[in-house]
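# Summary of the model geometry
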Amino acid sequence: MTDAAETYERRVLILPPTRKDGDMTVRLLRSNGIVCEICDSLPQVCRELEAGAGAVLLSQEHVLSGGGANLRDVLRRQPQWSDVAVILLTPPGPDTATTIDRLAEIGHMTLIKRPVQLANFVTTIRSALRDRERQYGIRDYLAERNRQAEALKEAVERANAGNQAKSEFLANVSHEIRTPMNAIIGLSHILARSSPLSANQKKYIDTLQTSGESLLMLINDLLDVAKIEAGGIEIETIPFQLDRLLTEVASMLSVKASEKTLVLSVDAVDVAGRWFAGDPTRLRQIVTNLASNAVKFTQAGSVLIRARRDGDGIVVAVKDTGVGIDAGKINRIFQKFTQADSTITRQYGGTGLGLAICKGLTELMGGAIVAESRAGEGATFTVTLPWVEVPGPDGKAGSVPESVIEPRAHLGCLLLAEDHAPNVLVARTFAEMFGYTVDVAEDGRQAVGMWRTGRYVLILMDVQMPTMDGLQATRAIRDYERGHGLKRIPIIGMTAHALDGARDRCIEAGMDDYISKPFSPGDLQAKITRLLNAPGGISVDA
Ligand code: ADP
């Protein structure tokens, strides 16, 4: 603050009863080192007060002879930190109740009776100024705090924007990778079904398939990390059967475990047949990650997946008899891209993302994950989640089994709207395997035109296409159907975008379902079958 401004804020504004009184007061205050300024009228006092003052010294006559309302408004308009002292010189003699009331109506004032006791008078003004100085101190402190809060807010906004940009970049890159991956994985599925195949050809195709799938897993992991960091993961709470989930995970890993002659078992006695409310998809992801690590890092012995209830929650532990982890490294393994030591990648592969994702997801769901281990003595990873037991729904909710139904001829004709030739080949071959015939449109506009012929039982609609994209084409079809009272054709969106919003955009545009690329034949068949057999959908003669 400048000296001039400080002087301004320290000054005592004086509206004396007479000019002579004013001169005397100014002399007295100045001789005591107090800065002061004479005003000619109450409106002038009000103006100056708004510009800044240490205290105000007024004579009662001026205040009561008009302008009191103006002073009252100025006093009320003060900011929260401000409470300027108003010192009123009252005439000799007793004060009437009416006078006191009128003054109180204007604001809080310190009354000093004339003739004044000089020592008292100067002390009162000094203490008012000290008070005022503290108020200005608070004002400056608040201004500084506001400035800091503003700077912090800007920094957070910048960081969020950076994070957002990173997530968008990842989403775009992953889209670009998933598109050709759909062709690689899809075609390797198709090749695996062709015959005759020599033993070597079969091996090459198997390798192609597993390599494609591990590349896809890596992309999914990277996307998950980005989503967890950007807060873009939505957690659901639905009833599910915990023992069943754990058995499914174990059966998925049983081939790998038996290849290494490991005993892989599930102990879910305590939760057998019980239902819990939580996010089974995310829990499956976590347990799969922990159990496949356990199988990966165990050469001999066993892997046990155990679950029990604990207070108002559940505890799932994965225990193995493998290589274990050095005590010094155990805290680091939950960090991104961190492996216990540099030989791990060479020996076991992996990226060091799995545990970071497990931790991120567990914490998002309000739980905790801990690891206990000693080098050479196996490891136990324990996940605790605050998921309560709920009554199970009537009838068991089963997941759609990933089985491929044997081809049945003449199930009807599908319209495939897709511009990327390798993916046309994949989707067309899958659909033909299921027993459908397929017509292809190369963009949304063509798809709308072909749909009007009325030949199709269902549309597989790529989302990103030139000229008219899949969302626009779907809207056009739905508008036309509504306008002409036509039956709704089932539409499945296909996109290589794996972010949460992609599905919502498809459904909002009027699609019935959505499948993300790359997809397996089983995934696609399950979706087509579900829609064509759904009530209100089009039934197809088998
Ligand atoms: P990745 O397995 O891809 O390397 P993770 O994040 O899943 O990445 O694991 C990080 C590291 O933690 C692993 O590289 C390994 O060093 C250690 N680790 C994880 N699980 C186990 C386990 N069951 N036994 C021994 N070490 C483990």
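Residues numbered from 1 in each chain as written. Predicted model: local features only at pLDDT ≥ 70, side-chain atom pairs only at ≥ 80, totals over all residues. Heavy atoms only, no water.

### Looking at the overall build of the protein
The helix and strand inventory of the protein stands at 17 helices and 18 strands. Relative to the 2.2 N^0.38 estimate, which gives 24 Å for 542 residues, the radius of gyration of the protein is 39 Å and therefore markedly larger than a compact globule would have. C-alpha atoms of the protein, sized along the principal axes, occupy 120 × 70 × 45 Å. Scored against the burial criterion, the 542 residues of the protein give a buried share of 44%. Once local pairs closer than 6 in sequence are excluded, the contacts in the protein between residues at least 24 apart make up 70%. (Helix = DSSP H or I, 4+ residues; strand = E, 2+ residues; numbered from the N terminus. Rg over C-alpha atoms; globule rule 2.2 N^0.38 Å. Buried < 20%, exposed > 50% of the residue type's maximum accessible area, 1.4 Å probe, protein only. Contact = heavy atoms within 4.5 Å.)

### Description of the packing of aromatic side chains
A complete count under the given rule lists 5 aromatic pairs for this structure. Here Phe 334 and Phe 381 contribute two aromatic rings whose centre-to-centre distance is 6.2 Å and whose plane-to-plane angle is 75°, an arrangement assigned as edge-to-face. Note that Phe 334 is positioned in the loop between strand E10 (313–320) and helix H11 (343–348) and Phe 381 in strand E12 (residues 379–385), a separation of 47 residues in sequence. Classification of Phe 334 by relative accessible area gives buried; the value is 13%. Each ring, one from Trp 451 and one from Tyr 480, has its centre 5.7 Å from the other, and the planes form 90°; the classification is edge-to-face. Pair noted here: Trp 451 is in helix H14 (residues 444–451) and Tyr 480 is in helix H15 (residues 470–484), with a separation of 29 residues, a long-range link. Across the ring face of Tyr 8, the terminal group of Arg 11 is positioned such that the distance to the ring centre comes to 4.0 Å. (Phe/Tyr/Trp six-rings, centres within 6.5 Å; stacked < 30°, edge-to-face > 60°. Lys NZ or Arg CZ within 6 Å of the ring centre and 35° of its normal.)

### Side note on a nonpolar patch on the surface
Residues Leu 215, Leu 218, Leu 222 and Phe 337 make up a contiguous nonpolar surface patch of about 340 Å² in total accessible area. Tracing the chain through its elements places Leu 218 in helix H8 (residues 199–229). The class of Leu 218 is partly exposed, set by a relative accessible area of 30%. (Patch = residues over 30% accessible without salt bridge, like charges linked within 9 Å, V, L, I, M, F, W, Y side chains within 5 Å. Areas by Shrake-Rupley, 256 points an atom, 1.4 Å probe, with all protein chains shown as cover. Salt bridge = Lys/Arg side-chain N within 4 Å of Asp/Glu carboxyl O.)

### Observations regarding H8
Taking 1.5 Å of rise per residue, 31 residues should cover 45 Å, and H8 covers 45 Å from first to last C-alpha, within 8% of that figure. Of the residues making up H8, those classed as buried are Ile 205, Gln 209, Gly 212, Leu 216, Ile 219, Asp 221, Leu 223, Asp 224, Val 225, Ala 226 and Lys 227. Just beyond H8, the residue with positive phi is Gly 231, at close to 70°. (Expected span 1.5 Å × (residues − 1).)

### Thoughts on the pattern of salt bridges
Scanning the entire structure with this criterion turns up 32 salt bridges. For the salt bridge of Glu 9 with Arg 139, the shortest nitrogen-to-oxygen distance reads 2.8 Å. Of this pair, Glu 9 sits in helix H1 (residues 3–10) while Arg 139 sits in helix H7 (residues 118–193), and the two are 130 residues apart along the sequence. We classify Arg 139 as buried; its relative accessible area is 18%. Between Glu 432 and Arg 428 there is a salt bridge; the shortest N-O distance is 3.6 Å. A residue pair is termed a helical-turn pair when its members lie 3 or 4 positions apart in one helix, as Glu 432 and Arg 428 do in helix H13 (residues 421–434) at 4 residues. Exposure remark for Glu 432: the relative accessible area of 38% places this residue in the partly exposed category. Using a relative accessible area of 29% as the deciding quantity, one classes Arg 428 as partly exposed. A cluster of three or more residues bridged by salt bridges with shared partners is formed by Asp 270, Arg 274, Arg 309 and Glu 389.

### A closer look at the sheet that holds strand E6 (residues 238–241)
Hydrogen bonds between backbone groups are what pair the strands of a sheet, and the pairing can be parallel or antiparallel. Spatial strand order, E6-E8-E13: 3 strands in an open sheet with antiparallel pairing. Looking at strand neighbours, the two that pair on one side only are E6 and strand E13 (389–390), the edges of this open sheet. Relative to E13, strand E8 (residues 275–278) runs antiparallel, the two sharing 2 bridges. Along E13, the bridge assignment pairs Trp 275 with Val 390. (Pairing = 2+ DSSP bridges.)

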